[in-house]
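In case you want the letters, here they are:
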Amino acid sequence: MRFWLRWVVPSALIAVLAFPWNALAHFGVILPSDDIVTQEDTKNLMVEVKFVHPMEGAYMAMAKPKRFGVVRSGEHKDLLPVLKEAEGKGPHQEGSFTYWKGEVAIGRPGDYVFYVEPAPYWEPAEDKYIVHYTKVCVNALGLEEGWDEPVGLETEIVPLSRPYGLWTGNIFTGRVLLEGRPVPHAEIEVEYLNESPGNPNFVQPPSDPFVTQVIRADEDGIFNYAMPRAGWWGFAALSDASWKLERQGVKKDVEIGAVFWVRTTDMR
Ligand SMILES: [Cu+2]
């Protein structure tokens, strides 16, 4: 008891006060160097896999993912071997963080749906593990086929509007699936990646509710959101896993997230 009062409670308080973003929304992210590969473009994509608070530009250290792959025309390809550990630096955080990146060669035309299953991330502020099944779709060489197919992850967002070639202001529509079935009234968090390439200035939210937008899906798990700025937008639908993970002999809850990223471009 004394130990708890003297050390654990104060240090937990300090941790919460010093890192207010701990309570804010986490997003897995797969960030490709290009989302539409044309004949003229380089056919080598650089793909980064991170774990971030997108609006704050604050990153968590990420362990090596369990699975990383791509689906094109129904064919899965394991890309875990191409991932290499890298160190990054957030704009508003001290020290560096670990993320993963790899080069992927684009061959045949079609939609390349990248997906990652990260290792469970322990979040002390929420007393639970977080596992974000994250996806992004890259279109290649003019064939628009495959973006609306599920990958078959434990939970995932399946786009109902084509997830590339989006203008700023477009609406993104998606459906939340858990074990292959729609999640009625799922809660979806939406955030802007403030470190989007080409973002002219780091957006300063005027108050906390602006950081994360919140949507309730309809009875078929379908949601819509209009994106007000050019760059990358993340959508995260969170569920409680039906399974638990043990930590120091105690069974802990697991939050599983279905995360999808799309990029918007200004009309000029
Ligand atoms: Cu965090």
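Since the model is a prediction, treat every value here as computed from it, not as a measurement.

Asker: For the overall build of the protein, give the residues involved together with the corresponding values.
Answerer: Across its full length, the protein holds one helix and 21 strands. The C-alpha atoms of the protein give a radius of gyration of 19 Å, which matches the 18 Å a tight globule of 268 residues would have. Overall, the protein is about 65 × 40 × 40 Å in size when its C-alpha atoms are taken along their principal axes. A buried classification covers 49% of the 268 residues belonging to the protein. By sequence separation, contacts in the protein at least 24 residues apart represent 66% of the contacts at least 6 residues apart. Counting every atom, the protein has about 13,500 Å² of accessible surface; 54% of that belongs to carbon and sulfur.

Asker: Run through the environment of Ala-241, naming residues and quoting values.
Answerer: When you line up the elements, Ala-241 lands in the loop between strand 19 (231–240) and strand 20 (245–247). Setting aside residues up to four positions removed in sequence, Ala-241 forms contacts with Val-254 and Ile-256.

Asker: Quick rundown of the nonpolar core? Include the residues and the values.
Answerer: Membership of the largest hydrophobic core comes to 38 residues, with the highest contact counts inside it found for Phe-68, Phe-114 and Trp-261. At the level of elements, strand 1 (27–32), strand 3 (44–53), strand 5 (67–72), strand 8 (97–105), strand 9 (110–117), strand 11 (128–140), strand 19 and strand 21 (250–265) are the ones that each hand at least two residues to this core. Beyond its immediate chain neighbours, meaning those up to four positions away, Phe-68 contacts Ile-30, Val-47, Val-49, Lys-77, Asp-78, Leu-79, Leu-80, Val-82, Leu-83, Phe-114, Tyr-115 and Val-116. Trp-122, Phe-172, Ile-215 and Ile-256 belong to the second-largest nonpolar core, a separate cluster that totals 37 residues.

Asker: Just give me the short version of the coordination of the copper ion, but keep the residues and values in it.
Answerer: Protein ligation of the copper ion involves His-26 (NE2), His-53 (NE2) and Met-60 (SD), the donor distances falling in the range 2.3 to 2.5 Å. Since its relative accessible area comes to 0%, His-53 is described here as buried.

Asker: Quick rundown of the packing of aromatic side chains? Include the residues and the values.
Answerer: This model, assessed by the stated rule, comprises 13 aromatic pairs. These aromatic residues form a ring-pair network of at least three members: Phe-172, Tyr-192, Phe-223, Tyr-225, Trp-233, Phe-235 and Phe-260. Between Lys-50 and the ring centre of Tyr-99, over which it is positioned, the NZ or CZ distance is 4.7 Å.

Asker: Talk me through the side chain of His-26; I want residue IDs and the actual numbers.
Answerer: Secondary-structure assignment places His-26 in the loop between helix 1 (2–18) and strand 1. Side-chain polar atoms of His-26 contact the side chain of Glu-123, separated by 2.9 Å. What His-26 contacts, discounting residues up to four positions off in sequence, is Phe-51, Val-52, His-53, Met-60, Glu-123, Glu-126, Ile-130 and His-132.

Asker: Describe the pattern of salt bridges, and please don't skip the residues or the numbers.
Answerer: The tally for this structure, following the rule as stated, stands at 11 salt bridges. One continuous salt-bridge network, built from bridges that share partners, spans Glu-126, Lys-128 and Glu-255.

Asker: Please provide a residue-by-residue account of the confidence of the model for the protein, values included.
Answerer: Any residue range with low pLDDT should be treated as having predicted coordinates unsuitable for detailed reading. When pLDDT is averaged across the protein, the result is 92; 91% of the residues are at 70 or more. Confidence drops under a pLDDT of 50 for residues 8–22, and excluding neighbours within four residues, the segment shows 12 contacts in the predicted structure.

Thresholds applied
- Residues numbered from 1 in each chain as written.
- Predicted model: local features only at pLDDT ≥ 70, side-chain atom pairs only at ≥ 80, totals over all residues.
- Heavy atoms only, no water.
- Helix = DSSP H or I, 4+ residues; strand = E, 2+ residues; numbered from the N terminus.
- Rg over C-alpha atoms; globule rule 2.2 N^0.38 Å.
- Buried < 20%, exposed > 50% of the residue type's maximum accessible area, 1.4 Å probe, protein only.
- Contact = heavy atoms within 4.5 Å.
- Areas by Shrake-Rupley, 256 points an atom, 1.4 Å probe, with all protein chains shown as cover.
- Core = buried A, V, L, I, M, F, W, Y, C linked by side-chain atoms within 4.5 Å.
- Donors = N, O, S within 2.8 Å, 3.2 Å for Na, K, Ca; no water.
- Phe/Tyr/Trp six-rings, centres within 6.5 Å; stacked < 30°, edge-to-face > 60°.
- Lys NZ or Arg CZ within 6 Å of the ring centre and 35° of its normal.
- Polar contact = N/O pair within 3.5 Å; in protein donor to acceptor, adjacent residues only side chain to side chain.
- Salt bridge = Lys/Arg side-chain N within 4 Å of Asp/Glu carboxyl O.
- pLDDT = per-residue confidence, 0-100.

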